[in-house]
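Results of the structural survey
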Amino acid sequence: MSFGLTFEKLLLIGLIAVFLIGPDRLPGYAAQFARLIRSLRDMANGAKTRMREEMGPDFDDVDWKKLDPRQYDPRRIIREALLEDEAPPTRPGAAGAGAAGGSVRAAVRESAYAQRQRLLREGRPAPFDPEAT
């Protein structure tokens, strides 16, 4: 995590710190800063180790990149949700429903978007609701 800091910016911050803190106290502050960074790194590693112990073997199976909040894109999530169910809906009383398998699947109601896309693929006009406008 660089927070947008380039080498030049870090160098400028270091020079300002040298002038503000002074050369006498700078080594002490640098050592404190190094201890802080080390303790933060140890805390992060400890949290990771504890999480690995509590989750067990499932810890390695988790796709951490997928859980990264920076990957959140509402448009992608909606697109994936709409394209998730590509199987044609089952209709009650259709041939083969409840046959041989012994399980009767509930009828899946087709969404308005899926119905419109199906009608467009079939070359038929999309449904029109005169009360909607």
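Here's a quick rundown of the structure. (Residues numbered from 1 in each chain as written. Predicted model: local features only at pLDDT ≥ 70, side-chain atom pairs only at ≥ 80, totals over all residues. Heavy atoms only, no water.)

Take the pattern of salt bridges next. Under the definition given, this model contains 3 salt bridges. Across the pair Glu 54 and Arg 50 runs a salt bridge, and its minimum N-O distance is 2.9 Å. Residue Glu 54 and its partner Arg 50 are located together in helix 2 (residues 26-55), separated by 4 residues, close to a single helical turn. Each member of the pair, Glu 54 as well as Arg 50, carries the same accessibility label: exposed. In this structure, a network of salt bridges that share partners links the residues Arg 118, Glu 122 and Arg 124. (Salt bridge = Lys/Arg side-chain N within 4 Å of Asp/Glu carboxyl O. Helix = DSSP H or I, 4+ residues; strand = E, 2+ residues; numbered from the N terminus. Buried < 20%, exposed > 50% of the residue type's maximum accessible area, 1.4 Å probe, protein only.)

With that settled, the discussion passes to a nonpolar patch on the surface. The grouping of Phe 33, Leu 36, Ile 37, Leu 40 and Met 43 at the surface amounts to a nonpolar patch, some 510 Å² of accessible area in total. Looking at the element boundaries, Leu 40 is found in helix 2. By relative accessible area, which is 43% here, Leu 40 ends up partly exposed. (Patch = residues over 30% accessible without salt bridge, like charges linked within 9 Å, V, L, I, M, F, W, Y side chains within 5 Å. Areas by Shrake-Rupley, 256 points an atom, 1.4 Å probe, with all protein chains shown as cover.)

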